[in-house]
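Structural overview
Here is how the chains run, residue by residue.
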Amino acid sequence: MASYLKCPACGAIRSASAAVCPECGYEFQDVAVSDSVTNFHKELMEVDREISASESPDSKIGCLMILAWIFLFPIMLCIAIVKMAMHTEKNLKGAEKRKANLISTYPVPNSRRDLLEFTTLIRSQIQSLTYMNCVTKEGSSIQAWDKVWVKKLVQVEKKSEMALAGDSKACQDIRKELEEAQGIVAENTKKQYTVIGIAAVAFIALMVFSNIG
């Protein structure tokens, strides 16, 4: 059942979930909600530190690894495709799974200031891939986490439509951030398949010319 409160500025009755008074435009500040973004960021950093502590440093790639990549390319190509297909939120384990669950279930604030701050925090987590790392383990991980963050941004956009119904500018700003984030994810996927496609064609061409020679 919806609850209602009185506006401290004009005395109008408003919904407890409203961020702005419908009568005078007074912006309500909920201390618990205002602290939610800070608490979320703090919990997120703690889980990230645990993930970093459990990761082993990457080994340097030498000449033997480059040669192995060239001669074992078909196998490596299959592994890369499987990794991209399998590295999703459902495959996360341990601290990574807890981090994904924290992101997806953390309450979205409802005041204008907190919604915009929450949006900025989420948007800063979404990364673009380069053509150099898009088919690596790191690139696959980035793409998986980007999708988790975009799902959260969708939640924020939906919440803003209800809480900021009278603030079209704020809603547009949040929607723009969501569209840009979705564009980055789509562009990352495009880079991944472009690199795999080019590498596959190059390998096939090499095999064909080797047989002809």
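In what follows, the structure referred to is the one given above.
What the protein contains, in helices and strands, is seven helices and two strands. Going from the N terminus to the C terminus, the protein shows its helices and strands as β-β-α-α-α-α-α-α-α. When each of the 213 residues of the protein is scored for burial, the buried share is 33%. In the protein, once contacts between residues fewer than 6 apart in sequence are set aside, the share between residues at least 24 apart is 71%.

Since the α-helix turns once every 3.6 residues, residues separated by three or four places project in the same direction. In this model helix H5 (residues 112-125) runs 21 Å from its N-terminal to its C-terminal C-alpha over 14 residues, within 8% of the 20 Å that 1.5 Å per residue would give. Looking only at H5, the buried set comprises Asp-114, Leu-115, Phe-118, Thr-119, Leu-121 and Ile-122. Taken down its axis, H5 places every buried residue within 165 degrees of arc, on the same side.

Attention now moves to the nonpolar core. Phe-40, Ile-103, Leu-115, Phe-118, Trp-145, Trp-149 and Val-156 are the most contacted members of the largest nonpolar core, which has 32 residues in total. Elements with a contribution of two residues or more to this core: helix H1 (31-54), helix H4 (94-105), H5, helix H6 (137-163) and helix H7 (168-212). Excluding residues that lie within four positions of it along the chain, Trp-149 makes contacts with Phe-40, Leu-44, Ile-103, Ile-122, Gln-125 and Ile-126.

Conventions we followed
- Residues numbered from 1 in each chain as written.
- Predicted model: local features only at pLDDT ≥ 70, side-chain atom pairs only at ≥ 80, totals over all residues.
- Heavy atoms only, no water.
- Helix = DSSP H or I, 4+ residues; strand = E, 2+ residues; numbered from the N terminus.
- Buried < 20%, exposed > 50% of the residue type's maximum accessible area, 1.4 Å probe, protein only.
- Contact = heavy atoms within 4.5 Å.
- Expected span 1.5 Å × (residues − 1).
- Arc of directions from axis to C-beta.
- Core = buried A, V, L, I, M, F, W, Y, C linked by side-chain atoms within 4.5 Å.

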